[in-house]
Amino acid sequence: MSKQTAEPPSAANAEEQQSSTGAGVMDAPPDVDPQLLKKERDQAKARQKDRFSGLDNDQLIELYRQMLLIRRFEEKSAEAYVAGKIGGFCHLYIGQEAVGVGAISAIRQDDYVLASYREHGLALAKGMSARSVMAELFGKATGCSKGKGGSMHMFDKSVGFLGGHAIVGGQIPLATGTAFATKYQGTDQVTLCFFGEAAVNQGAFHESLNMAQLWKLPCIYICENNQYGMGTSLARAMSLRDIAQKACAYEMASEFVDGMDVLAVREATLRAVERARKDYLPTLLEIRTYRFMGHSMSDPGNYRTRAEIEKYQERDPLKLFSASLLEEKVLDQKALDELDRRAHEEVDDSIRFGDESPLPDPEELYTDIYANPIEPGRK
Amino acid sequence: MATITIREALNQALREELARDEKVFLMGEEVAEYDGAYKVTKGLLREFGAKRVIDTPITELGFAGLGVGAAMAGLRPVIEFMTFNFSILATDQIINSAAKMLYMSGGQFNIPIVFRGPSGSAFQVSSQHSQAIESWYAYFPGIKVVMPSTPADAKGLLKSAIRDDDPVIFMEQERMYGNKGEVPDDPDFTIPLGVADVKREGKDVTIVARSLTVPLALKAAEQLEQQGVSCEVIDPRTIRPLDIETIIESVKKTNRVVIAEESHPICGVGAEISAEIMERAFDYLDAPVKRVSGADVPMPYAKNLENLAIPDVDRIVAAVREVAYLD
């Protein structure tokens, strides 16, 4: 492996190096009257509609269908958690759907995705079934990880979803390693690595970005900046808050992206994927988003105001996208309602499946510890 | 059979496994162009090239995690820590990722990786560079922990570790790289993990020793033979899983046990072996199990203090005489 210094980001054009206040990036909504909010929303919608070109109606509808499925899945997960069917921690993806769906729509099934513990939506977007994810949440034998992983450890080798990792930032070196492996094996697969903005303060983030650019590894680091690490705001936790800028420290390409616009996320990821497949170059994407629910189901959420949440809900990625789809006549209200009905149906089916599935056999306690178990006294 | 050092035996094992399997690669600080901080990887860059033998920045958490990720995607990494002292920075990836991945993925992702490097006490490098931390790693299900004490064991066990489909912590003793011994020439020579070796047969007292204390125990056994005490020396070689059966068999024969280790006594491997003996062979014991451990202090620099902190032949001899009620 050569240790060449990376060339300057090949596509470091104006569009990709926008400042945090540049067009197309979501900042905190202004704390002002509803008129201005509406204007901002309209501008966001106009930008989104400009991005429709190059996608046919089926592709657009599929993106919306996935976002809707995740939204309904997470709403039902919250209900099931309150009902006691889901244990432990449960970190919901509501509000961030455009990030996972937009980014994963830009890769192939044989590409890898690694994520943090807020990964139900990403697992679904990568092609895991609602049944296998819900059954895992229920701790059932039919879950994707046989009931041994739970909410924070979803895995499915068959679709290239490599977890579900629950130490903040822990998946970042792992994803750097899968990218290393695909390059070593001479394939053109890429890795998407999702993490929250709080993970950026971990050493694992910086160690990984350094190695990835130094060795030219095809990893796309996707920082989902939802602006809170549990109850601590970004402002209280980070000295340099424009996270995409941190890529400069490693000579890595980066972009700020509006995480409420699924098409903006998709386009930015496509650019990064091209760079990774062609030239084995990594990219850092800072995708600005917001979670509408607490950090986890046990979060009282008293560190932010109802008003703040409501302002961001004005930019709900599903509302924005459905409005764009309607205005561009990709589908009508009836078709939207039908999509919603089917999403509900799929999630209800996953709940039934989870309910009816058996608990893991007690013997499973002692399986899957070693791939090559060594029997005591073996000679 | 050639007589070679542990360093050379490890080098041979790495060379043979790199040649045998394209999926194996070696990564760590100074492993390539510098030929290894302890020269274990000497010549491997020249032979296998920079794709397979990779120098890293000083970024232990990063390259340990990179190795685990590469293993998830089908490779068989050998990650060298310049010393295991530095693995402490990487414990999150070793314990939370490597050890648990197979289990928490419901059996989907095993991690065939070896973390290897020198461990234990070194020569006058004080507290942060001179410590035995095998009990940390041995604590966790999902990991295997190997500690060879001879060139043949080093070679045979490292080859098995690289071929194994689970994460293996492979601890080489920093003071022992130059120790010599006979090693079979057969390139397919391996030693299975999880099997203890009786290094010396005896009938009066069992000495369980590992790594640094194995040659010390053998010397002690020679002296004790002059004094009319016959010692059996058992080297578990693999700490997890531990071949407790071989130890218990010996205890049932000798009825007296000394455990010699350079690690701290508290929560150590010796404490675990002692508990197993009590649970499985209490009625066979003619004396309490006796441990000879490293001093329960951070390692000092001064030579005289360092000598006091590490087990030696005299202390093992004294312990054997104590359990044999000779003094």
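Keep in mind that what you see is a predicted model, and the values were worked out from it rather than measured. (Residues numbered from 1 in each chain as written. Chains lettered and ligands numbered in written order. Predicted model: local features only at pLDDT ≥ 70, side-chain atom pairs only at ≥ 80, totals over all residues.)

Novice: Would you take a moment to explain the sheet that holds strand E10 (residues 205–209) of chain B for this structure?
Specialist: Whether parallel or antiparallel, the strands of a sheet pair through hydrogen bonds between backbone atoms. All names here are of chain B. The sheet built from 5 strands is open, its strands ordered E9-E11-E10-E13-E14 with mixed pairing. At either margin of the open sheet sits one strand with a lone partner, and together these are strand E9 (197–200) and strand E14 (290–292). Ignoring which end each strand starts from, the neighbouring axes of this sheet average 25° apart. Judged from the 4 bridges that link them, E10 and strand E11 (residues 231–235) form a sheet pairing that is parallel. Opposite Val205, over in E11, you have Cys231 as the bridge partner. (Pairing = 2+ DSSP bridges. Helix = DSSP H or I, 4+ residues; strand = E, 2+ residues; numbered from the N terminus. Axes fitted to C-alpha atoms, helices over the stretch in contact; angles between N-to-C directions.)

Novice: How should the interface of chain A and chain B be read in this particular structure?
Specialist: Interfaces are often sized by the amount of accessible area the parts lose when they come together. Counting from both sides, the interface comprises 42 residues of chain A and, opposite them, 45 residues of chain B. Going through the elements one at a time, strand E2 (161–164), helix H6 (171–184) and helix H7 (203–214) of chain A are the ones with two or more residues in the side of chain A that touches chain B. Counting residues per element, the side of chain A that touches chain B draws most heavily on H6 of chain A, at 10 residues. A class-by-class count of the residues in the side of chain A that touches chain B yields 19 nonpolar, 16 polar and 7 charged. (Contact = placed C-beta atoms within 7 Å. Nonpolar A, V, L, I, M, F, W, Y, C, P; charged D, E, K, R; others polar.)

Novice: Where do I start with the pairing of strand E4 (residues 76–80) of chain B in this structure?
Specialist: Working note: regular strand, side chains alternate between the two faces of the sheet. Residues and elements named next belong to chain B. Counting buried residues along E4, 5 of its 5 residues qualify, which places the element largely inside the surrounding structure. Here E4 shows no split at all, with Arg76, Val78 and Glu80 on one side and Pro77 and Ile79 on the other all buried. Relative to E4, strand E2 (residues 24–28) runs parallel, the two being bridged by 5 bridges. Bridge assignment links Gly28 to a residue of E4, and that residue is Glu80. (Buried ≥ 20, exposed ≤ 12 C-beta atoms within 10 Å, placed from the backbone.)

Novice: What's the story with the domain arrangement of chain B in this structure? I'm lost.
Specialist: Residues and elements named next belong to chain B. Each assigned domain of chain B is listed here: domain 1 (2–183) and domain 2 (197–323). Using C-alpha coordinates to define each centre, domain 1 is positioned 26 Å away from domain 2. With 25 residues of domain 1 at the interface, the matching set in domain 2 holds 24 residues. Of all the secondary structure elements, the ones that give two or more residues to the side of domain 1 that touches domain 2 are helix H6 (134–138), strand E6 (144–146), helix H7 (151–163) and strand E7 (168–173). Of the residues belonging to the side of domain 1 that touches domain 2, the class tally is 10 nonpolar, 11 polar and 4 charged. (Domains from an automatic or database assignment.)

Novice: What is the right way to look at the packing of helix H1 (residues 34–50) of chain A against helix H11 (residues 317–327) of chain A in this model?
Specialist: The description of two helices packed together rests on the angle between their axes and the distance between the axes. All names here are of chain A. Packing of H1 against H11 leaves a shortest axis separation of 10 Å and a crossing angle of 60°. Classified by the angle their axes make, H1 and H11 are oblique. In terms of crossing hand, the pair formed by H1 and H11 is right-handed. Residues Ala44, Lys45, Gln48 and Lys49 of H1 touch H11, and the partners they reach there are Leu320, Ala323, Ser324 and Glu327. In terms of residue class, the contact of H1 with H11 is built from 3 nonpolar, 2 polar and 3 charged. (Parallel < 35°, antiparallel > 145°, perpendicular 65-115°, else oblique. Left-handed = near helix turned anticlockwise from the far one by under 90°.)

Novice: What's the story with helix H9 (residues 262–279) of chain A in this structure? I'm lost.
Specialist: Owing to its 3.6 residues per turn, the α-helix aligns residues three or four sequence positions apart on the same side. Residue and element names in this part refer to chain A. The first and last C-alpha atoms of H9 sit 26 Å apart over 18 residues, in line with the 26 Å expected at 1.5 Å per residue. Every buried residue of H9 is accounted for by Val262, Leu263, Ala264, Val265, Arg266, Ala268, Thr269, Arg271, Ala272, Val273, Arg275 and Ala276. In the segment just after H9, Tyr280 is the residue with positive phi, at about 55°. (Expected span 1.5 Å × (residues − 1).)

Novice: Can you help me understand the nonpolar core in this one?
Specialist: In terms of nonpolar packing, the biggest core is built from 202 residues, with Cys193 and Ile220 of chain A together with Ile207, Val258, Ile316 and Val320 of chain B touching the most fellow members. If one sorts the elements of this core by residue count, helix H2 (residues 57–82) of chain A sits on top with 10 residues. Residues lining this core come from more than one domain, with at least three contributed by each of domain 1 (2–183) and domain 2 (197–323) of chain B. (Core = buried A, V, L, I, M, F, W, Y, C linked by C-beta atoms within 7 Å.)

Novice: Is there a simple way to think about the environment of Thr150 of chain B in this case?
Specialist: All names here are of chain B. Tracing the sequence through the fold places Thr150 in the loop between E6 and H7. For Thr150, a count of 23 C-beta atoms within 10 Å translates into the label buried. Each C-alpha atom of the pair Thr150 and Ile6 lies 6.5 Å from the other, and the pair is 144 residues apart in sequence.

Novice: Where do I start with the pairing of strand E13 (residues 257–260) of chain B in this structure?
Specialist: All names here are of chain B. The two faces of E13 match: Val257 and Ile259 on one face and Val258 and Ala260 on the other face are all buried. Both E10 and E13 contribute to a ladder of 4 bridges, which runs parallel. Looking at E13, one finds that Thr206 is bridged to Val257. Relative to E14, E13 runs parallel, the two sharing 3 bridges. Bridging from a neighbouring strand, Ile259 pairs with Arg291 of E14.

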